[in-house]
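Observations on chain architecture
Here's the letter readout for the chains.
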Amino acid sequence: VQNKSAAAVKIGILGAAKIAPMAVIYPCRKLENATIAGVAARSYQKAKDFAKKYGIEKIYGSYEEIIEDDEIDAVYIPSPNGYHAYWTIRAMKAGKHVLCEKP
């Protein structure tokens with residue numbers, strides 16, 4: 001869907017994980033009410049490379065930065081398992097909706 005609704009949920013991705021395209025990027029491309037608005041990774045370069053590969057416009061220098069962005073409505077957390085609880089709680093405290101990979 002090329003014409004996204006102005007009210008589309010803006011999703012930020014915390015981590016340049018291999019599962020992210022299948023889990024959230026490709027599905028969002030088919031929806032008019034959701035869009036991938038940015039990505040952060042453990043390094044800026046990794047986020048930049050991931051963004052270029054998948055056509056994501058905004059690159060963040062840290063997970064904290066993407067969580068603090070008021071333009072981001074929700075975050076998808078495909079980061080390594082050991083980081084899930086911390087970043088899920090941190091994102092929820094920042095008022096974000098959260099989609100988190102298992103466990």
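Up top is the structure.
Here goes a summary of the coordinates provided. What you see is a predicted model, and the numbers here were worked out from it, not measured in a lab. (Residues numbered from 1 in each chain as written. Predicted model: local features only at pLDDT ≥ 70, side-chain atom pairs only at ≥ 80, totals over all residues. Heavy atoms only, no water.)

Structural notes on the nonpolar core
Ranked by size, the top nonpolar core spans 18 residues in total, and within it Ile11, Ile13, Val24, Ile25, Ile36, Phe50 and Ile56 carry the most contacts. Of all the elements in the fold, those that place two or more residues in this core are strand 1 (9-14), helix 1 (20-29), strand 2 (34-40), helix 2 (44-54) and strand 4 (74-77). Contacts of Ile13, omitting those with residues within four sequence positions, involve Ala20, Val24, Ile25, Ile36, Gly38, Val39, Ala40, Phe50, Ile56, Ile66, Tyr76 and Pro78. Residues Leu14, Ile66, Ile67 and Ile72 belong to the second largest nonpolar core, which totals 11 residues. (Core = buried A, V, L, I, M, F, W, Y, C linked by side-chain atoms within 4.5 Å. Buried < 20%, exposed > 50% of the residue type's maximum accessible area, 1.4 Å probe, protein only. Helix = DSSP H or I, 4+ residues; strand = E, 2+ residues; numbered from the N terminus. Contact = heavy atoms within 4.5 Å.)

Looking at the pairing of strand 2
Most of strand 2 is tucked away: five of the seven residues are buried. Two strands pair when backbone bridges link them, and strand 1 and strand 2 are joined in this way by six bridges, in the parallel orientation. Within strand 2, the residue paired with Gly12 across the bridge is Gly38. As a crossover connection, the stretch from strand 1 through helix 1 into strand 2 is right-handed. (Pairing = 2+ DSSP bridges. Right-handed = clockwise from strand over helix to strand, strands pointing away.)

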